[in-house]
Amino acid sequence: MEDLIAVLTSWSVQFMAALVFLYVLLKSFKRVRYTAGKRPPGPPSLPLIGHLHHLLFGLPHHSFTKIAEKYGPIVWLEVGALRLVVVTSSDIAREVLKTQDHIFASRPPGIMTDLVFNKGQDLVFSPLNDNFRRARKVFTTELLSQKRIDSFKDIISAGAETTPDTIVRAITELVRHPNIIERLQSELDDVIGKERLVEEADLNNLEYLQAVVKETLRLHTVVGLGIPHFSTEATKVSGYDIPANTQVMLNYYAINRDAKVWKNPLKFDPSRFLNSPVDVRGHHYVLLPFGAGRRRCPGMNLALVNVAYNIAQLIHACPISLPEGLTHLDVDVEEKFGMTVARGNPLNLLIKRRLPLDVYRRAGLQLSGV
Ligand code: HEM
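These numbers were taken from a predicted model, which means no experiment stands behind them.

**Q** Sorry if this is basic, but what is going on with the site of the ligand here?
**A** In the vicinity of the ligand lie 26 residues, with Arg107, Arg136, His229, Tyr252 and Cys297 positioned nearest. Between the ligand and valine 124 there is a distance of 3.3 Å, counted from an oxygen atom to a backbone nitrogen or oxygen. Broken down by secondary-structure element, the contributors of at least two residues to the shell around the ligand are helix H7 (130-142), helix H9 (153-160), helix H10 (162-176) and helix H14 (300-317). Each residue belonging to the shell around the ligand can be placed in one class, and the counts come to 16 nonpolar, seven polar and three charged.

This is the structure:
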């Protein structure tokens, strides 16, 4: 028996010693890496898993926002071998996406992207190489060619959820704000009248509609964390050392809701964009629903037309109401995180006819029960 206890004791002592050794080893590796430069601040990490425990619960764009509130607008996180910098301010976003765009415009390599996207051959996950430049050029110059679109499936999927999600978020906010829907309807009636449907050519004449679209993209940034960027060489950002091969995530969701920039940032208020030069196209770093720089969303123009056109057609041609018993105060803005930050619950609406029947018939629309 005494022998057995002796064996167990020596085994557990050895095991403990091995653990302590491993811990010291990991810590010293970390120290070597940390003394290599001045890293951005970050929350405490655990051996082996690093910061994983900070990211396991809640929606990732909210977790990153909370971490930024505590540790600042540029944060350093590690999960295993992954080194991640998260940016949550427009000034630092400008540094990454404009001043140092040439260093941060690559995408991280990854098993998923290699498997799904054929070793990063497709645009969304392509590193910054000749293939990327070719794909980007084809996209921007020949987008409307069906043959080309067929050969860029990831491009289709990049737009497949983002545009409808944004439209649903806009309609949700309109239903929650009867005064805003009324103002939009009256602009549409003034500019288009009631004898025809909205056409694409009308969109630039609808100032309030454009403000509704911008405010939706600001408050409901559907690509909340963008797509990770990747540094191709060591550099400094905001005074901190960022090594080569580091992933950089831009928390567009939080930047677009920054209380230091936007008055009442959580309020849906399209009028903040009337007579304002701030736009969504990546020239104003306080508002980045499409990103900026060389990796800015190439589907932006198409998306802006589609979102505005769909909202305008719906609000002009149909009075929208909620199912019986519900008021605008019952409509929630819960989110779910997947490929995009989409609406969490289904939005049930009743849609009726608003214009003379003939207007719909001329446009080839079949109406029933309205
Ligand atoms: C409201 C709709 C949309 C929003 C908010 C949106 C937003 C974004 C954002 C934030 C990025 C990442 C930018 C970055 O890396 O920093 C992106 C990338 C991209 N988007 Fe969109 N997008 C939308 C619609 C579309 C549409 C309709 C298409 C295609 C027809 C599209 C195609 C792409 C592609 C291919 C990329 C990757 C570009 C690259 O890696 O160089 N997007 N988008």
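**Q** Is there a simple way to think about the nonpolar core in this case?
**A** Side chains of nonpolar character tend, in soluble globular proteins, to be buried together. In this structure, Leu174, Leu184, Leu188, Leu209, Ile311 and Ile315 are the most contacted members of the largest nonpolar core, which totals 39 residues. Elements supplying a minimum of two residues to this core: H10, helix H11 (178-192), helix H12 (207-219) and H14. Broken down by element, the residue count for this core peaks at eight residues, all from H14. Ignoring sequence-local partners within four residues, the contact set of leucine 174 consists of Ile180, Ile181, Leu184, Val212, Ile311 and Ile315.

**Q** Looking at this structure, how should I read the side chain of aspartate 258?
**A** Assignment of secondary structure puts aspartate 258 in the loop between helix H13 (252-255) and H14. For the buried aspartate 258, no salt bridge exists, and the shortest N-O distance to an oppositely charged side chain is 4.3 Å, to lysine 260. Engagement of the side chain of aspartate 258 in a polar contact is seen with the backbone nitrogen of lysine 260, the distance being 2.9 Å.

**Q** Is there a simple way to think about H12 in this case?
**A** The periodicity of an α-helix, 3.6 residues per turn, causes residues three or four places apart in sequence to face the same way. In a regular helix each residue adds 1.5 Å, so 13 residues correspond to 18 Å; H12 covers 18 Å between its end C-alpha atoms and thus fits that length. Among the 13 residues in H12, 11 count as buried, and that is most of the element.

**Q** Any chance you could explain the pattern of salt bridges here in plain terms?
**A** Close approach of charged atoms allows side chains of opposite charge to pair. Applying the stated criterion across every chain yields a total of 13 salt bridges. For aspartate 101, the salt bridge goes to arginine 294, with nearest N and O atoms at 3.3 Å. Here aspartate 101, found in helix H5 (residues 101-104), pairs with arginine 294, found in the loop between H13 and H14; they are 193 residues apart in sequence, far enough to count as distant. The exposure class of aspartate 101 is buried, given its relative accessible area of 7%. Where arginine 343 meets aspartate 332, a salt bridge forms, and the shortest distance between an N and an O atom there is 3.6 Å. Here arginine 343, found in strand S9 (residues 341-343), pairs with aspartate 332, found in the loop between strand S7 (320-321) and strand S8 (335-337); they are 11 residues apart in sequence, far enough to count as distant. The class of arginine 343 is buried, set by a relative accessible area of 9%. Take aspartate 332: its relative accessible area is 24%, and that puts it in the partly exposed class. Salt bridges sharing common partners tie together Arg196, Glu199 and Asp202.

**Q** Got a minute to help me understand the UniProt feature "binding site: heme" (unreviewed entry) in the protein chain in this structure?
**A** When the UniProt feature table is mapped to this numbering, "binding site: heme" (unreviewed entry) covers Cys297. According to the relative accessible area criterion, cysteine 297 is partly exposed, its value standing at 31%. Aside from chain neighbours lying at most four places away, what touches cysteine 297 is Arg136 and Phe290.

**Q** Sorry if this is basic, but what is going on with a nonpolar patch on the surface here?
**A** Together, Leu46, Leu48, Ile49, Leu52, Leu56 and Phe57 give the surface a local cluster of nonpolar side chains, amounting to about 590 Å² of exposed area. For leucine 46, the position within the fold is in the loop between helix H1 (2-35) and helix H2 (52-55). Since its relative accessible area comes to 39%, leucine 46 is described here as partly exposed.

**Q** So what exactly am I meant to see when it comes to the packing of H10 against H14 here?
**A** Helix packing for two helices is described by the angle between their axes and how far apart those axes are. For the pair H10 and H14, the least separation of the axes is 10 Å and the interaxial angle reads 40°. The orientation of H10 with respect to H14, classified from their angle, is oblique. With respect to the hand of their crossing, H10 and H14 are arranged in right-handed fashion. Of the residues in H14, those touching H10 at Thr163, Thr166, Ile167, Ala170, Ile171 and Leu174 are Ala303, Asn306, Val307, Asn310, Ile311, Leu314 and Ile315. Its residues assigned to classes, the contact of H10 with H14 shows nine nonpolar, four polar and no charged.

**Q** I would appreciate a short explanation of unusual backbone geometry in the present structure.
**A** Unlike most non-glycine residues, leucine 48 shows phi in positive territory, near 65°. Note on placement: leucine 48 falls in the loop between H1 and H2. The exposure class assigned to leucine 48 is exposed, which follows from its relative accessible area of 63%. Not every positive phi belongs to a glycine, and asparagine 264 is a case in point at roughly 40°. Tracing the backbone shows asparagine 264 in the loop between H13 and H14. Asparagine 264 gets classed as partly exposed once you look at its relative accessible area, which sits at 47%.

Cut-off values and rules
Residues numbered from 1 in each chain as written. Predicted model: local features only at pLDDT ≥ 70, side-chain atom pairs only at ≥ 80, totals over all residues. Heavy atoms only, no water. Near = heavy atom within 4 Å. Polar contact = N/O pair within 3.5 Å; in protein donor to acceptor, adjacent residues only side chain to side chain. Helix = DSSP H or I, 4+ residues; strand = E, 2+ residues; numbered from the N terminus. Nonpolar A, V, L, I, M, F, W, Y, C, P; charged D, E, K, R; others polar. Core = buried A, V, L, I, M, F, W, Y, C linked by side-chain atoms within 4.5 Å. Buried < 20%, exposed > 50% of the residue type's maximum accessible area, 1.4 Å probe, protein only. Contact = heavy atoms within 4.5 Å. Lys, Arg positive; Asp, Glu negative; His and termini not counted. Salt bridge = Lys/Arg side-chain N within 4 Å of Asp/Glu carboxyl O. Expected span 1.5 Å × (residues − 1). UniProt positions renumbered as here; feature names shortened; annotations may be inferred. Patch = residues over 30% accessible without salt bridge, like charges linked within 9 Å, V, L, I, M, F, W, Y side chains within 5 Å. Areas by Shrake-Rupley, 256 points an atom, 1.4 Å probe, with all protein chains shown as cover. Axes fitted to C-alpha atoms, helices over the stretch in contact; angles between N-to-C directions. Parallel < 35°, antiparallel > 145°, perpendicular 65-115°, else oblique. Left-handed = near helix turned anticlockwise from the far one by under 90°.

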